[in-house]
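# Coordinate analysis (summary)
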Amino acid sequence: MLKRTIYSLAIVALIAGCSSGTKLSDTPVVDRSGTAGGSGGAASGVAPVSIDPRAQTAQGPVGVARIVYFDFDSYTIKPEFQSLIDGHARFLKANPQRRISIEGHTDERGGREYNLALGQKRSEAVRRSLGLLGVPDSQIEAVSFGKEKPAAPGSTEDAWAQNRRAEITYR
């Protein structure tokens, strides 16, 4: 009964989240926090996180990047960013008073509505990954800026690659 209720809620949330006519591929967030082991797992790429008593004034975990980059037309988090997400999750769980904003961005290609939807899906993918690692939703806000705030000017593949991102900002 509980599984049926959870499944029903997931379907309702999926339908509600897809109210836009904009089509994006449905790539799920993969739970890599499980205990199933494998050679070359996340343990080998775990970044150290500084958890200190001054966390109230610190700008997040020391030595952990704050930007997740995405492939063209995708909101799938690449494996090389798992240690970044792990580091922020450990910091946020150890500092429950801290809050973050995850800002989703896209490159300049595509229409405004499409890019806003894609940017939101990118920020939500990072939010869901943090949630799978135990960070409560109350600590996270996911927003989209679409193509409105490029990190790199220009219409080159290098500039586009820098603009396809989700940025974690501590508040």
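Residues numbered from 1 in each chain as written. Predicted model: local features only at pLDDT ≥ 70, side-chain atom pairs only at ≥ 80, totals over all residues. Heavy atoms only, no water.

## Topic: the overall build of the protein
Within the protein, the regular secondary structure consists of four helices and four strands. When its helices and strands are written in sequence order, the protein yields α-β-α-β-α-β-α-β. Contacts in the protein between residues far apart in sequence, at least 24 positions, make up 77% of those at least 6 positions apart. Looking at the protein as shown, the accessible area adds up to about 9800 Å², and 58% of this sits on carbon and sulfur atoms. (Helix = DSSP H or I, 4+ residues; strand = E, 2+ residues; numbered from the N terminus. Contact = heavy atoms within 4.5 Å. Areas by Shrake-Rupley, 256 points an atom, 1.4 Å probe, with all protein chains shown as cover.)

## Some details on the nonpolar core
Core analysis: the largest hydrophobic core is formed by 21 residues, its most contacted members being Ile77, Ile100, Ile102, Val126 and Leu130. For this core, the secondary structure elements donating two or more residues are α2 (82–94), β2 (100–105), α3 (112–132) and β4 (165–170). When residues in this core are grouped by element, the largest group, five residues, is from α2. Residues within four places of isoleucine 102 in sequence aside, it is in contact with Ser123, Val126, Arg127, Leu130, Ile140, Glu141, Ala142, Val143, Ala166, Glu167 and Ile168. (Core = buried A, V, L, I, M, F, W, Y, C linked by side-chain atoms within 4.5 Å. Buried < 20%, exposed > 50% of the residue type's maximum accessible area, 1.4 Å probe, protein only.)

## Considering the confidence of the model for the protein
Low-confidence regions, as indicated by low pLDDT, have predicted coordinates that should not be scrutinised in detail. Per-residue pLDDT for the protein has a mean of 79; in total, 66% of the residues score no lower than 70. Segment residues 2–48 is flagged for pLDDT under 50; beyond a separation of four residues in sequence, or across chains, it makes 36 contacts in the model. Note that pLDDT drops below 50 for residues 50–57; the model gives that stretch eleven contacts with residues more than four away or on any other chain. (pLDDT = per-residue confidence, 0-100.)

## As for α3
A rise of 1.5 Å per residue sets the reference length of α3, with its 21 residues, at 30 Å; its end C-alpha atoms lie 30 Å apart and thus fit the reference within 8%. Next to the buried residues of α3 lie β1 (67–69), α2, β2, β3 (140–146) and β4. One or two residues past the end of α3 sits glycine 134, with phi positive at roughly 100°. (Expected span 1.5 Å × (residues − 1).)

## Considerations on the sheet that holds β4
As summarised here, the arrangement of the four strands in space is β1-β4-β2-β3, forming an open sheet in which the pairing is mixed. What marks the edges here is a single partner per strand, and that holds for β1 and β3. Across this sheet, the average inter-strand angle for adjacent strands is 20°, counted without regard to direction. Inspection of the sheet shows β2 paired to β3 by six bridges, in the parallel sense. What sits directly across from isoleucine 102, in β3, is alanine 142. Packing of α2 onto the sheet brings it into contact with β1, β2 and β4, and relative to β4 it is tilted by some 20°. Helix-sheet contacts for α3 involve β1, β2, β3 and β4, and the interaxial angle to β3 is about 155°. (Pairing = 2+ DSSP bridges. Axes fitted to C-alpha atoms, helices over the stretch in contact; angles between N-to-C directions.)

## Things to note about α2
Note: α-helices contain 3.6 residues per turn, so residues at a spacing of three or four share the same orientation. Over its 13 residues, α2 runs 18 Å from end to end, which matches the ideal 18 Å to within 8%, given 1.5 Å per residue. For α2, the complete set of buried residues consists of Gln82, Leu84, Ile85, Asp86, Gly87, His88, Ala89, Phe91 and Leu92. Tucked into the core, α2 has its buried residues touching β1, β2, α3 and β4.

## So, the packing of aromatic side chains
Under the criterion given, the structure shown has two aromatic pairs. Aromatic pair phenylalanine 91 and tyrosine 170: ring centres 5.5 Å apart, planes at 90°, arrangement edge-to-face. With phenylalanine 91 in helix α2 and tyrosine 170 in strand β4, the pair connects residues that are 79 residues apart, well separated along the chain. Accessibility classification places phenylalanine 91 together with tyrosine 170 in one group, the buried group. Over the ring of tryptophan 160 we find arginine 109; its NZ or CZ atom is 3.7 Å from the centre of that ring. For lysine 149, the ring lying beneath its charged end belongs to phenylalanine 145, and the centroid distance is 4.1 Å. (Phe/Tyr/Trp six-rings, centres within 6.5 Å; stacked < 30°, edge-to-face > 60°. Lys NZ or Arg CZ within 6 Å of the ring centre and 35° of its normal.)

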